[in-house]
4 protein chains.
Amino acid sequence: MKGFGTIIHGQTVGFLEKNIPEPGPFEALMEPVVIAPCTSDVHIAFEQGHNPARNNRILGHESVGRIVKLGEGCTEYKVGDVVVVPCTTPNWRTLEVQDGAFQHSGGLCQGMRIGTSQDGVMAEYYLVNDVEMNTARIPEGVSLESALMVSDMMTTGFHGVELADVQFGDSVVVIGTGPVGLMSIAAAKLRGAGRIIAVGSRPKCVELAYYYGANEVVNYKEGDIVEQIMALTGGRKVDRTVIAGGGTEQLPIAYRLTRPAGGIGDLVAADTPPRLDTDTAAFCRFVAHHKFSGGLCPGGRRRAERLLDLIKYGRVDPSLMLTHKFNGLESCPDAFELMHKKPQELVKPIVYMNV
Amino acid sequence: MKGFGTIIHGQTVGFLEKNIPEPGPFEALMEPVVIAPCTSDVHIAFEQGHNPARNNRILGHESVGRIVKLGEGCTEYKVGDVVVVPCTTPNWRTLEVQDGAFQHSGGLCQGMRIGTSQDGVMAEYYLVNDVEMNTARIPEGVSLESALMVSDMMTTGFHGVELADVQFGDSVVVIGTGPVGLMSIAAAKLRGAGRIIAVGSRPKCVELAYYYGANEVVNYKEGDIVEQIMALTGGRKVDRTVIAGGGTEQLPIAYRLTRPAGGIGDLVAADTPPRLDTDTAAFCRFVAHHKFSGGLCPGGRRRAERLLDLIKYGRVDPSLMLTHKFNGLESCPDAFELMHKKPQELVKPIVYMNV
Amino acid sequence: MKGFGTIIHGQTVGFLEKNIPEPGPFEALMEPVVIAPCTSDVHIAFEQGHNPARNNRILGHESVGRIVKLGEGCTEYKVGDVVVVPCTTPNWRTLEVQDGAFQHSGGLCQGMRIGTSQDGVMAEYYLVNDVEMNTARIPEGVSLESALMVSDMMTTGFHGVELADVQFGDSVVVIGTGPVGLMSIAAAKLRGAGRIIAVGSRPKCVELAYYYGANEVVNYKEGDIVEQIMALTGGRKVDRTVIAGGGTEQLPIAYRLTRPAGGIGDLVAADTPPRLDTDTAAFCRFVAHHKFSGGLCPGGRRRAERLLDLIKYGRVDPSLMLTHKFNGLESCPDAFELMHKKPQELVKPIVYMNV
Amino acid sequence: MKGFGTIIHGQTVGFLEKNIPEPGPFEALMEPVVIAPCTSDVHIAFEQGHNPARNNRILGHESVGRIVKLGEGCTEYKVGDVVVVPCTTPNWRTLEVQDGAFQHSGGLCQGMRIGTSQDGVMAEYYLVNDVEMNTARIPEGVSLESALMVSDMMTTGFHGVELADVQFGDSVVVIGTGPVGLMSIAAAKLRGAGRIIAVGSRPKCVELAYYYGANEVVNYKEGDIVEQIMALTGGRKVDRTVIAGGGTEQLPIAYRLTRPAGGIGDLVAADTPPRLDTDTAAFCRFVAHHKFSGGLCPGGRRRAERLLDLIKYGRVDPSLMLTHKFNGLESCPDAFELMHKKPQELVKPIVYMNV
């Protein structure tokens, strides 16, 4: 079968030819129905030097898929069923699950397997481990496009708000207005935030930031983020900050923005060292009763079912983020390249594969 | 000055004549701008037998007030300022505050003072203790009517959802569609609930239940609540239940409705004994990892500020509940009587006092 | 093979003859090394009327076992390994696990299988499901006797303290000084409780209550529990209450004992209806910001490993509770009968099976 | 009156002559009974450049004091009463209290006033604000020496364990074996930790680390902390880490030591910039579901009462840390100098002032 991925990790991407995999116990072989390229695909393909284990690896981890073949032990689904496949598909029979860290089942961040440690969704077929525990049917009334956004953008963006522990009426800053940031804004509103201040710059993203619930959007290109926000609040720190964009340089910014006993949720996974040495004062606040929590997005069927219910019951419509549309496996290189270049008008692309 | 309240507790209500009180340190003398009679006023007037300490007591605890005179130590407000007065006005210099139970500062439920242990708002004037810690200015863009609903209905209804600990996508039952129940529905939606099932019967309340976020409303007059809800969910228990109406007979119902490890938030304050002996099976579930939490509504200036921000930033509009309007202190007996009779079309009344 | 259990549920117990079961995938066939009869065994045998599904069912759920045969997929253990078998052995591939209710995987309380829905440990052999996820090796320095107490008494007693959410310096009441109550006392001390008041009467249990950390023991036979405890505290309610004995009549007692915003942990699983109608005032306190949580004991390998570490590192020695010793499967009827009669000097028996 | 403190902040310390202060409402004038110099006193005197507001400021914040004169509004104490004075004495009538950040009432870390923004305890007399809300009587059976350790060492050390959220059987690393670290070790044991690994080097401190509950002590002078600890655990990360010593360079160490979804409690308040740029990999783990919380020690009368109860009921004896004894105000310069030099055999000094 054909797939698009890394030929030599860190250097070249392109089409690959591989054998169709065989589903083991509790696994399913899927064909992609719709998929969404992700900025992480670019990171996974090109960052962290050259990792030989990632040579000849098909990319892509956001998908709605159709079940083609079921492995031993699967009783709930039948061939032809269409399900949301979350980007995190933990092995539930691991001790990390008993420690409340199912995202890290089998090792740090190893709950995210598809498109990293196993072949991804930019292919004719792909495997999903423990399909009954890790995927969810699409409820009536939920579009394929919205369902696709559950796979990564919603669960990740919403997790930032969970980590920051937003409470009724809290003031919240969301740093970043890419698709994850937009979902953090939607989540902050849905979690009962009062004032929501977003940090972003691209016009289409800013427009959607307001749509999803931001009351003000600060442009980091127009001055220091902290100064701009303190000007809006009259110098009062906010209750919660979600870091949903940028790199580790956002950490001291988040500390400077957030009040004592406030919460900071961090979704930044960048490998670059944090540039903290420039800001002594911010780190003195490390003792200021901040709760800082970082996290990889939760997976699991119940998580996906809950997020799908939010769409079904009209609480949020993530499909408005899909600004760019592609058709077929052949278009994957173009869609990938789009994520690499990130033009001004881009929010999130979708590729219709086998609808 | 004149006020409306209990002449003999448990027996008669009517107009009283009392001296205008003098504000002590940190206190303020207020005149009511708008007030809202509450079902609790009827309970406070007539229930719990005859409590001589509640003779000659002015009723009413929901108000927006105008500051007439400030006691010693008040520096932040000036005479003429209009503020929301939450129904719970704790004494912040008590050990209960250090134990996280500020609603109970000075004794069980003693954080609620106005209209119970001190004279209430159905009067020409009333006192507010620790006015700078307990009241909040009304932000631009928030109507008097909406601000008034912060005093009790919003803080109470929202607290039910906090106690039940609603999470993203959770299925939630709200028992009761009176004004507190309606605010629990709005709060469940704002806290990220997926499916919301309300239990109520009066047509105007049912209409508003849908407006505030309920997806289905079950009429308890048309059959067993649990059976009706299980029919909707296909027998699946819900994640959270908020008891915002009825009496203690709702407790075993909530236990039967809620899944293991789910949450139950209880706002029922009734003095009648629970009728639990009829349902053994429900109580076996007492061990079923339910988290059951009851609570009097939080007070304090920051709480009120946060709820006002929810209105200011367009997250919720509680003013739609104000179905009945009255004018002046003279109308208080009629407004009180309305709460007593609870006609079908009633949700919540407002009395315009000194606008 | 031979086992001791219910011949006719609800009526007769005795020895049974059954086939040796075959371990399925991830399962292990065990022979018991040491086991402990439990009061629950008596309840399981004789209560809840006649449940035909429990006819011909071998009893017993507390054990240390030796692996005799391993099912497909087991890679970590080898035949001959000796492990603690917790009484709760969840199926980790269920949606309840994703909802944080692994004790209830597969249905309410269905995480507890051994000796209830499958044959128990009072036998020549017994099965353990998902043996690598559900059992733990015994660390060096931990006796068989102490390890055996991890299976149920420690995890249950400690869970009561987790549910009550004891904090540093809190005053704590533990109702009950049977082995579960004694472990709740030890857990309260280990969780940082200040004053610990126990409620019990049998002399040996009272002696051990002091040993495990109680500062005072109140005898419920000598007067009203609440009055006796309020006499000790000068009328001050305690921060936390653990219900580790008695029936549902303890619920309103716990509400009367505990301060607003305090916590109540309930380990009572009795099927009898609560006698609440006699105490109206206690239930008004249902709104007094109590957090009430009930719970079946957690299982899982990591839980067992953590409790074993508490023994290994000298934090607690549960083996002192083992007051009565038996030898061999033939002694099981006597040990069972002992739990039925509960003589004054009994705390907990152990049966040495295949040491 | 005479006191010892900063003459010119950042440069010189010595004896000062000041007027005896007059207690305002709710305040008390105290004479010190016993006091303890603290490493923080040295920081407060000499760090953060030259702060003119700290010229002529009496140092010292740990004390047991005797009430000499009571301000208006004080009804509970009488002149001559001896009380523990916590180093954090918040103003309870501030909005920060309503936000759960009473340590920061009036501004970041402004809940700690004595010896920083107001004159300290190394004096003939000193003031305590809101004495009834902020101090606690010493229960029968608690020595002056132990009571003194409640003021800062116990509340701070115990808070590290609260922030790291230690659970039953957790493995815990405590970085630092100074008096705060020793109290974190004692607290970890009292919170139910399993294995406790401490990091320290001075012999007397190491001896006490074992006494208070450490199972192993790693010497940071003998190699990389992480490597040494991973050698002990077989490469397994620990559940919780408390940073109770060193500077901000401990942050990435804590991240490297702690498992995903584990907790890190940070008590480091150093003003030096963190040296994070040397360890990229550690910060990638910023997303590894760690919960990181920093915190200034809690104050308040209930906190002190709870810690005193831990001593009263025999849970911990902090007085063993008092290795060096001084007598009288005249000895304060020597005691202060001792904290500056920190000789090998030092753990914590006490000064007997007016016993």
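Computed from a predicted structure; not experimentally measured.

Draft legend 1. Just the environment of Gly 106 of chain A, in detail. All names here are of chain A. With respect to the helices and strands, Gly 106 occurs in the loop between α2 (95-98) and β7 (126-128). Taking C-alpha positions, Gly 106 is 9.5 Å from Arg 93, a pair spaced 13 residues apart along the chain. Look past the residues within four positions of Gly 106 in its chain and what remains in contact with it is Thr 94 and Glu 96.

Draft legend 2. Structural context of the sheet that holds strand β9 (residues 172-175) of chain C. Read across the open sheet, the 12 strands follow the order β11(B)-β10(B)-β9(B)-β12(B)-β13(B)-β14(B)-β14(C)-β13(C)-β12(C)-β9(C)-β10(C)-β11(C); overall the sheet is mixed. At either margin of the open sheet sits one strand with a lone partner, and together these are β11 (216-218) of chain B together with β11 (216-218) of chain C. Neighbouring strand axes in the sheet, compared pairwise and without regard to direction, differ in orientation by 15° on average. One ladder, built from 4 bridges, connects strand β9 (residues 172-175) of chain B with strand β12 (residues 238-243) of chain B; its direction is parallel. By the bridge assignment for β12 of chain B, Val 174 of chain B is matched with Val 242 of chain B. The sheet contacts of helix α7 (residues 225-233) of chain B involve β9, β10 (196-199), β11 and β12 of chain B, and relative to β10 of chain B the element is tilted by about 155°. Running over the sheet, helix α7 (residues 225-233) of chain C touches β9, β10 (196-199), β11 and β12 (238-243) of chain C and is turned about 155° from β10 of chain C.

Draft legend 3. The arrangement of the relation of the copies chain A and chain C in detail. Overlay of chain A on chain C (RMSD 0.0 Å): rotation 180°, translation along the axis 0.0 Å. What the superposition gives is, in effect, a two-fold axis relating one chain to the other. A symmetric contact is evident, with 100% of the interface residues of chain A recurring at the interface of chain C.

Draft legend 4. Inspection of the pairing of strand β10 (residues 196-199) of chain D at higher detail. All names here are of chain D. Neither face of β10 is open: one carries Ile 196 and Ala 198, the other Ile 197 and Val 199, and all of them are buried. At this point the chain moves from strand β9 (residues 172-175), through helix α5 (residues 179-190), to the parallel β10, and the crossover so formed is right-handed. In the sheet, β10 pairs with strand β11 (residues 216-218) via 3 bridges, with the strands oriented parallel. Bridge pairing in β11 links Ala 198 to Val 217. Remark: the β10/helix α6 (residues 203-212)/β11 crossover connection has right-handed handedness.

Draft legend 5. Representation of the packing of helix α4 (residues 144-164) of chain D against α5 of chain D. Residues and elements named next belong to chain D. Contact pair α4 / α5: the axes reach a minimum separation of 7 Å and the direction vectors enclose 55°. When the axis of α4 is compared with that of α5, the two are oblique. For the pair α4 and α5, the sense of crossing is right-handed. Contacts between α4 and α5 involve Met 153, Met 154, Thr 156, Gly 157, Phe 158 and Val 161 on the former and, on the latter, Pro 179, Val 180, Met 183, Ser 184, Ala 187, Ala 188 and Leu 190. A per-class count over the contact of α4 with α5 returns 10 nonpolar, 3 polar and no charged.

Draft legend 6. Layout of helix α10 (residues 301-312) of chain B. Residues and elements named next belong to chain B. Compared with an ideal rise of 1.5 Å per residue, which puts 12 residues at 16 Å, α10 spans 16 Å between its outermost C-alpha atoms and is within 8% of the ideal. For α10, the tally of buried residues reaches 10 of 12 residues, placing the bulk of the element in the interior. Taken together, the buried positions of α10 are occupied by Arg 301, Arg 302, Arg 303, Ala 304, Glu 305, Arg 306, Leu 307, Leu 308, Leu 310 and Ile 311. Gly 314 sits one or two positions beyond α10 and adopts a positive phi of about 75°.

Draft legend 7. Quick peek at the interface of chain A and chain C. Contact with chain A, which involves 14 residues of that partner, is made by 14 residues of chain C. Regarding the contact of chain A and chain C, the summed buried area is about 1600 Å², with carbon and sulfur atoms giving 56% of it. Where chain A meets chain C, there are 6 salt bridges. Arg 306 of chain A is paired through a salt bridge with Asp 99 of chain C; the nearest N and O atoms lie 2.9 Å apart. Between chain A and chain C we count 12 residue pairs in polar contact (both at pLDDT 80 or more) in total.

Draft legend 8. Structural context of unusual backbone geometry. At Phe 26 of chain C, a residue that is not glycine, the phi angle is positive and equals roughly 70°. Along the chain, the position of Phe 26 of chain C falls in the loop between β2 (12-17) and β3 (28-35). In this structure, Asp 130 of chain D is a non-glycine residue whose phi angle is positive, near 40°. The class of Asp 130 of chain D is buried, set by a relative accessible area of 9%.

About the cut-offs
- Residues numbered from 1 in each chain as written.
- Chains lettered and ligands numbered in written order.
- Predicted model: local features only at pLDDT ≥ 70, side-chain atom pairs only at ≥ 80, totals over all residues.
- Heavy atoms only, no water.
- Helix = DSSP H or I, 4+ residues; strand = E, 2+ residues; numbered from the N terminus.
- Contact = heavy atoms within 4.5 Å.
- Pairing = 2+ DSSP bridges.
- Axes fitted to C-alpha atoms, helices over the stretch in contact; angles between N-to-C directions.
- Least-squares fit on C-alpha atoms with pLDDT ≥ 70 in both.
- Buried < 20%, exposed > 50% of the residue type's maximum accessible area, 1.4 Å probe, protein only.
- Right-handed = clockwise from strand over helix to strand, strands pointing away.
- Parallel < 35°, antiparallel > 145°, perpendicular 65-115°, else oblique.
- Left-handed = near helix turned anticlockwise from the far one by under 90°.
- Nonpolar A, V, L, I, M, F, W, Y, C, P; charged D, E, K, R; others polar.
- Expected span 1.5 Å × (residues − 1).
- Buried area = accessible area lost by both parts, 1.4 Å probe.
- Salt bridge = Lys/Arg side-chain N within 4 Å of Asp/Glu carboxyl O.
- Polar contact = N/O pair within 3.5 Å; in protein donor to acceptor, adjacent residues only side chain to side chain.

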